[in-house]
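Reading the structure
Here are the chains, one letter per residue:
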Amino acid sequence: MGFPVERPRRLRQTPALRRLVSQTRLSPSDLVLPLFVREGVDEPVAIGSMPGVVQHSRASLRVAAREAVAAGVGGLMLFGVPTTRDAVGSGADHPDGILNVGLRDLRDEVGDRTVVMADLCLDEFTDHGHCGVLDDRGRVDNDATLERYASMALAQAESGAHVLGLSGMMDGQVGHVRAALDDVGRTDTLVLAYAAKYASAFYGPFREAVGSTLVGDRATYQQDPGNAVEALREVRLDVAEGADLVMVKPALPYLDVLRQVADAVDVPVAAYQVSGEYAMIEAAAAAGMIDRDRAILESLTAIRRAGAQVILTYWASEVAARL
Ligand code: PBG
């Protein structure tokens, strides 16, 4: 046996060399901060399943938005937590619904200094917790839900959202919302399609964050975790229907899907590092089992390397400030 001819380690000798040849870099503007605004509270409320994340009051939402902008984040994604819910999710498209009120607060606070996004889905607003309205047999009614989404889209655009994040996984939702926006002249409002959204256990902590009442699961509309080809179909349809950006969600367990999607489309690709991904690292770090800061950066770098141009992460402000 001779000595090696090729010596890859030569490139790894010093921090300066490693930096020079580093292929994947994170910058603050890649990161989008999800925020929760809760109706009827004067102080932020801690979320037990997501240590460090809160349900904001209207006032604390503004403070968090200012901090995020100061750190240089690329955008904010707002979720609403209403005090009352009903079968059709009336709070979702009512101008005084908490999400729409919060959007107006956010735009008033940040203007155009960052990108303001709204979660467009009914699950936070329905008493049954599903992402759509139900038919008389209790099944999620795809086309009746599209009408609700169109109404929500107009309310959110009216409230100042730059980007609508369609997370409900109904068939045809992008095309329907795009047409509704265009009909009233809102051709400038962007659509971010949660194109490949899997029926995932990693959303568990989020359910507490929004006080979800869901019984059962979302397997009739969200994707089967074992399917990758189907993700490409969903993405193809959403781009054809007019999606400006597409997303893969969750992120870390689906890096292969993310890579395939990034290779297949010519629109920007986002990935959502979801609540369960956040909670796992925080819990392991709190138990002294993992180096928190390194694990956070490594997970985000991996998501970026797999093809995400934009990453939604609950650590957005912290990491943006650190970078
Ligand atoms: C639906 C929605 C969910 C998440 C974002 N949008 C929940 C679900 O589909 O069950 C999950 C986000 C997370 O887990 O961080 N409005």
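Everything here concerns the structure above.
The structure contained in this document is the topic of the report that follows. The structure presented is a predicted model; accordingly, all values stated were derived computationally and were not measured. (Residues numbered from 1 in each chain as written. Predicted model: local features only at pLDDT ≥ 70, side-chain atom pairs only at ≥ 80, totals over all residues. Heavy atoms only, no water.)

Looking now at the site of the ligand. Near the ligand lie 18 residues; those nearest to it are D123, R207, K249, S275 and Y314. At 3.0 Å from a nitrogen atom of the ligand is found a side-chain nitrogen or oxygen belonging to D119. Contact distances for the ligand include 2.6 Å between an oxygen atom and a side-chain N or O atom of Y314. Relative to its unbound accessible surface of 400 Å², the ligand loses 100% to contact with the protein. Here the shell around the ligand is built from residues that sort into eight nonpolar, three polar and seven charged. (Near = heavy atom within 4 Å. Polar contact = N/O pair within 3.5 Å; in protein donor to acceptor, adjacent residues only side chain to side chain. Areas by Shrake-Rupley, 256 points an atom, 1.4 Å probe, with all protein chains shown as cover. Nonpolar A, V, L, I, M, F, W, Y, C, P; charged D, E, K, R; others polar.)

So, on to the pairing of strand 7 (residues 190–197). With seven of its eight residues buried, strand 7 lies for the most part within the structure. In this structure, strand 6 (residues 163–166) lies alongside strand 7, joined through four bridges in parallel fashion. What sits directly across from L164, in strand 7, is V191. Note on the crossover from strand 6 through helix 5 (residues 173–183) to strand 7: the handedness is right-handed. In the sheet, strand 7 pairs with strand 8 (residues 245–249) via four bridges, with the strands oriented parallel. Looking at strand 8, one finds that A193 is bridged to V246. (Buried < 20%, exposed > 50% of the residue type's maximum accessible area, 1.4 Å probe, protein only. Helix = DSSP H or I, 4+ residues; strand = E, 2+ residues; numbered from the N terminus. Pairing = 2+ DSSP bridges. Right-handed = clockwise from strand over helix to strand, strands pointing away.)

Let's shift gears to the pairing of strand 5 (residues 115–120). Burial analysis of strand 5 places five of its six residues in the buried class, the great majority of the element. Where strand 4 (residues 75–81) and strand 5 come together, four bridges link them in parallel fashion. In the strand pairing of strand 5, L78 is matched with A118. Each parallel crossover has a hand, and for strand 5 linked through helix 4 (residues 142–158) to strand 6 it is right-handed.

Side chains of R7, R9, R10 and R12 sit close together on the surface and give a patch of like positive charge. Owing to a relative accessible area of 43%, R7 belongs among the partly exposed residues under this scheme. (Patch = residues over 30% accessible without salt bridge, like charges linked within 9 Å, V, L, I, M, F, W, Y side chains within 5 Å. Salt bridge = Lys/Arg side-chain N within 4 Å of Asp/Glu carboxyl O. Lys, Arg positive; Asp, Glu negative; His and termini not counted. Charge placed at Lys NZ, Arg CZ, Asp CG, Glu CD.)

So, on to unusual backbone geometry. In this structure, the amide linkage connecting K249 to the following residue, P250, adopts the cis form with an omega of -10 degrees. Phi is positive for M169, close to 60 degrees, though the residue is something other than glycine. Tracing the backbone shows M169 in the loop between strand 6 and helix 5.

Our focus in this paragraph is the pattern of salt bridges. Close approach of charged atoms allows side chains with opposite charge to pair. Enumeration over the complete set of coordinates arrives at 19 salt bridges. Between D105 and R58 there is a salt bridge, and its shortest N-O distance comes to 2.7 Å. A residue pair is termed long-range when its members are at least 10 positions apart, and D105 in helix 3 (residues 98–110) and R58 in helix 2 (residues 58–71) qualify at 47 residues. A residue is classified by how much of its surface remains accessible, and D105, at 7% relative accessible area, is buried. Between R178 and D182 there is a salt bridge whose closest N-O contact spans 3.0 Å. Residue R178 and its partner D182 are located together in helix 5, separated by four residues, close to a single helical turn. What emerges from the salt-bridge pattern is a single network uniting R58, R62, R66, D105, D108 and E109.

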